[in-house]
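In case you want the letters, here they are:
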Amino acid sequence: MILTMLVLAPASSRADEGMWLLSLIGKNYADMQKAGFKLTPEDIYSINQNCIKDAIVGLGNEGRPFWHFCTGEIISNRGLISTNHHCGYGKLQEHSTVEHDYLRDGFWAYNMAQELPNPGLTASILVRMEDVTGRVLECLSDEMSESDRAKAIRNVSERIAREAVQGTDYDATVKPMFNGNQFFLFVHIIYKDVRLVGAPPSSMGKFGGDTDNWSWPRHTCDFSMFRIYTAPDGKPAAYAKENIPLKPKHHLPVSARELKDGDFAMVLGFPGTTTHFLTSYGLKETMEVTNKLRYELRTVKINILREAMNSDQAIKIKYASKYASCSNYWKYSNEQNKALTELNTMALKKEIEKEYYDWALDKDPKYRNALGLIEKSYADRRELQEALVYLDEGLLEGPELLYQSTLFGRSIKAICSETNPDQRDAMIAELKKEAEQFYKDYDQTVEQNVMAAMMEYTYRNININYIPECLKTADRKYHGDFASLVNHLFSRSIFANKEAFDKFMENPSEKQLNRDEIYKYGTEILNKYRDIYLSIPQENRDNLTRGTRDFVDGILQINSGKKLMCPDANSTIRLTYGNVKAYDPRDGVTYHYYTTLAGVMQKEDPTNTEFIVPQRLKDLYAARDFGTYTNSRGELPTCFITNNDITGGNSGSPVLDAYGNLIGLAFDGNSEAMSGDIDFEENLQRCICLDSRYMLFVIDKYANAQNLIDEMDIVR
């Protein structure tokens, strides 16, 4: 959910704009002290002593443990983790049924035996990091082709990672920085037993919904809680009953102290992806192709899902996580384009490019040619990129079944060609397990409605040269009635619903699979997508990669000795620092730096699912039963804002005070500075945070989960 803002600007930028690698924060120490920091760099990152980084958790999935979708933090000596509600939302949805709807009602484990396992969920903690640029670059040369360069980087990176973890329980990866101009080794310990502990109802955890998303003021109680378990010897292990809670090297004290405007605030987490070094040519593609088309296509899907979810509780549970995922970047795309236009980011990018061009005139030809390579690469692929977005968002990511049928089909063909009976039975069992998971959160009527609408919208808007032939044929046969087409596709498909699939799997047949209409459509659309993707010449891709690498290298040289610069986010742990800070979003408007529970009651609207307030919360508010979590004015703070630099992946990141105490959880950015993944806007950029006092109040007074309160170190 969260959005980043960084700097690719002339030397007038301030050094505290950026997501800093932990091993290098000593270079920022003086500026951090000026902002109010009271600890030392070693208190944050050290390989010789326990420190704050040992309490920062990257949440990932077993298949991609180094790509962290969210951040969490350890807040007790028994491995208790806090993160955002929307980070735990998918797990809440997986555990929910109509009878036990944890999305609607919330979930609380009042003892460890009630905590729920989540197979596949991982928790990664940084052990150490190391600059290995020299070891990688010595294997490279400017004369290499891009494919040879990539192969050499992969080989040396894998060797460095293997050496780093030999004889340990750790995992390691080497990540490129500054578009392949630097390289860092990251060694992690990755835990595989992460259990759900608690979360408020979605009416609180998603309060404000799409309306308030990317906006301030906010009143969202955006937190959930998990716990890391280990084997009895303390080592990482898959879920087992005999596992024990993690004994962490460090955990964060949780602050119940009052916050003031100007207080120091730092965020540690695993930001996903930023493109601060994007050129004006890349910005044009982002605005006119990626953002514009994604917003338009997802609008079609979202309207259908909203109507279906509002009409049926079972459908609402099934599609809750899917809808949240779809709607988040639906609004993001539109709001980012607005911010980029309002802030005239294109002019800024062109100014940077002029400065670069003037610098490069008397430099190596590779620097002089970089921008030309980039410009031509984007121009040559423009039409193809548009087609790819239409096919992806409209047909492969819009409806689910077209792409999913190709995945199932691949497994079915492997089963049909297997001659070993035992192996075949095992493969069938595995596929049935996958299908069970897929159809659990699937409704045939909803899928048919989405597929018909997305097919029609894509067909009517995509360049005619890139329309899959099956849609052209269908349009002629059904005279533009895509609902009738989809009814036909589903009428005899083995993928239409779980019952049809289960019946087919009693005696799977490749011949029957190849006759299936949904599978044929999905296969043809996927092949069309691949054909278009592969039609982008490799020279085009190589030129864009090489040009960007040389351009970024030049930017680093231009700024050498003038200001510190940090690399784009790439899901590696970073620190950003700043202050709690109010702001003026537009003429005549000033936003205060915090909100209170009173604002929740003011926004309440029982007729709008985004603004429903649970009765228990209303009762606590009416009784002024806020416990010990109020400020000096007797208010219960809910959220606050800082000027920290963050992006997606930072969701759930700890917001820490000058002494390393947890004062909140980062969960969103503000629409006025939605350009932040591409360019930092220092006057408007705000990180929206859940106040730790609201979290403690909900655990204590709303949920009566004293077991959780008792295991935290609460600073008052």
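Note that the structure is a prediction, hence the values are computed from the model and not measured.

Draft legend 1. Inspection of the overall build of the chain at higher detail. In terms of helices and strands, the chain carries 25 helices and 23 strands. Expected size for 716 residues packed as a compact globule is a radius of gyration near 27 Å; at 26 Å, the chain falls within 12% of this value. Reported as C-alpha extents along the three principal axes, the dimensions of the chain are approximately 70 × 70 × 60 Å. The buried share among the 716 residues of the chain stands at 59%. Contacts in the chain between residues far apart in sequence, at least 24 positions, make up 79% of those at least 6 positions apart. Summing over all exposed atoms, the chain offers an accessible surface of approximately 29000 Å²; the carbon and sulfur share of this is 47%.

Draft legend 2. Main features of the nonpolar core. Formed by 152 residues in total, the largest nonpolar core has its most connected members in Met 266 and Tyr 694. Apart from residues no more than four positions distant in its own chain, Tyr 694 is found in contact with Met 204, His 219, Cys 221, Leu 597, Val 600, Leu 617, Leu 636, Pro 637 and Thr 638. Ranked by size, the runner-up nonpolar core spans 66 residues in total, among them Cys 326, Phe 501, Phe 504 and Ile 518.

Draft legend 3. Main features of the side chain of Ser 333. Among the secondary structure elements, Ser 333 is positioned in helix α10 (residues 313–342). Residues in contact with Ser 333, not counting those within four places in the same chain, are Asn 291, Arg 294 and Tyr 295.

Draft legend 4. How the structure looks around the packing of helix α9 (residues 280–311) against helix α12 (residues 365–396). The N-to-C vectors of α9 and α12 enclose an angle of 5°; their axes lie 9 Å apart at closest approach. In terms of orientation, α9 and α12 fall into the roughly parallel class. From α9, Tyr 281, Gly 282, Lys 284, Glu 285, Glu 288, Val 289, Leu 293, Arg 294, Leu 297 and Arg 298 reach across to α12, where they touch Leu 371, Ile 374, Glu 375, Tyr 378, Arg 381, Arg 382, Gln 385, Glu 386, Val 389, Tyr 390, Glu 393 and Gly 394. Broken down by class, the residue content of the contact of α9 with α12 amounts to nine nonpolar, three polar and 10 charged.

Draft legend 5. Highlighting the packing of helix α15 (residues 444–461) against helix α16 (residues 469–478). Axis separation between α15 and α16 bottoms out at 11 Å; the angle between their running directions is 100°. Taken as axis vectors, α15 and α16 run roughly perpendicular relative to one another. Counted together, Met 455, Tyr 459 and Arg 460 of α15 and Leu 471, Lys 472 and Asp 475 of α16 form the full contact between these two elements. Looking at the contact of α15 with α16, its residues break down into three nonpolar, no polar and three charged.

Draft legend 6. Structural detail: the confidence of the model for the chain. The pLDDT averaged across the chain works out to 94; a share of 98% of its residues lies at or above 70. Counted against residues more than four places away or in other chains, residues 1–15, with its pLDDT under 50, gives 92 contacts.

Draft legend 7. How the structure looks around the packing of aromatic side chains. In this structure the tally under the stated criterion is 28 aromatic pairs. Centre to centre, the rings of Tyr 439 and Tyr 442 are 5.2 Å apart; their planes meet at 90°, and the pair counts as edge-to-face. Just as Tyr 439 is buried, Tyr 442 falls in that class too. The interplanar angle of 65° and the centroid separation of 4.9 Å between the aromatic rings of Tyr 593 and Tyr 594 together place this pair among those described as edge-to-face. Tyr 594 matches Tyr 593 in its accessibility class, with the two residues each being buried. Of the aromatic side chains, those joined through ring pairs into one cluster are Phe 408, Phe 438, Tyr 439, Tyr 442, Phe 495 and Phe 501. For the cation-ring pair, Arg 541 lies above Tyr 533, with the distance from its terminal atom to the ring centre recorded as 4.0 Å.

Draft legend 8. Representation of the pairing of strand β4 (residues 80–83) in the model. Judged by which residues are buried, β4 turns out to be covered on both faces: Leu 80 and Ser 82 on one side and Ile 81 and Thr 83 on the other are all buried. Looking at chain direction, strand β3 (residues 70–74) and β4 are connected through two bridges and run antiparallel. Note that in β4 the partner of Ile 74 across the bridge is Ile 81. Here β3 folds back onto β4, and the loop between the two strands holds five residues, one of which, Gly 79, carries a positive phi near 75°.

Draft legend 9. Inspection of the state of the cysteines at higher detail. Inspection of the entire model under this criterion finds one disulfide. Note on cysteine connectivity: Cys 70 is disulfide-linked to Cys 87, with sulfurs 2.1 Å apart. With the S-S bond torsion at -80°, the cross-link from Cys 70 to Cys 87 turns out left-handed. With a gap of 17 residues between them, Cys 70 in strand β3 and Cys 87 in helix α3 (residues 85–95) connect regions that are remote in the sequence. A relative accessible area of 4% places Cys 70 in the buried class. Given a relative accessible area of 8%, Cys 87 falls into the buried group.

Draft legend 10. The arrangement of unusual backbone geometry in detail. Following Trp 216, the chain continues to Pro 217 via a peptide bond in cis, the omega torsion being 5°. Of note, the phi angle at Asn 179 is positive, near 55°, even though the residue is not glycine. Structurally, the position occupied by Asn 179 is in the loop between β8 (171–177) and β9 (182–191). Under the relative-accessibility criterion, Asn 179 is labelled partly exposed at 37%. Even without glycine at this site, Arg 624 takes up a positive phi of about 55°. With respect to the element layout, Arg 624 can be found in the loop between α23 (615–622) and β19 (637–642). On the basis of relative accessibility, which here comes to 47%, the residue Arg 624 falls in the partly exposed class.

The rules behind the values
- Residues numbered from 1 in each chain as written.
- Predicted model: local features only at pLDDT ≥ 70, side-chain atom pairs only at ≥ 80, totals over all residues.
- Heavy atoms only, no water.
- Helix = DSSP H or I, 4+ residues; strand = E, 2+ residues; numbered from the N terminus.
- Rg over C-alpha atoms; globule rule 2.2 N^0.38 Å.
- Buried < 20%, exposed > 50% of the residue type's maximum accessible area, 1.4 Å probe, protein only.
- Contact = heavy atoms within 4.5 Å.
- Areas by Shrake-Rupley, 256 points an atom, 1.4 Å probe, with all protein chains shown as cover.
- Core = buried A, V, L, I, M, F, W, Y, C linked by side-chain atoms within 4.5 Å.
- Axes fitted to C-alpha atoms, helices over the stretch in contact; angles between N-to-C directions.
- Parallel < 35°, antiparallel > 145°, perpendicular 65-115°, else oblique.
- Nonpolar A, V, L, I, M, F, W, Y, C, P; charged D, E, K, R; others polar.
- pLDDT = per-residue confidence, 0-100.
- Phe/Tyr/Trp six-rings, centres within 6.5 Å; stacked < 30°, edge-to-face > 60°.
- Lys NZ or Arg CZ within 6 Å of the ring centre and 35° of its normal.
- Pairing = 2+ DSSP bridges.
- Disulfide = S-S within 2.5 Å.

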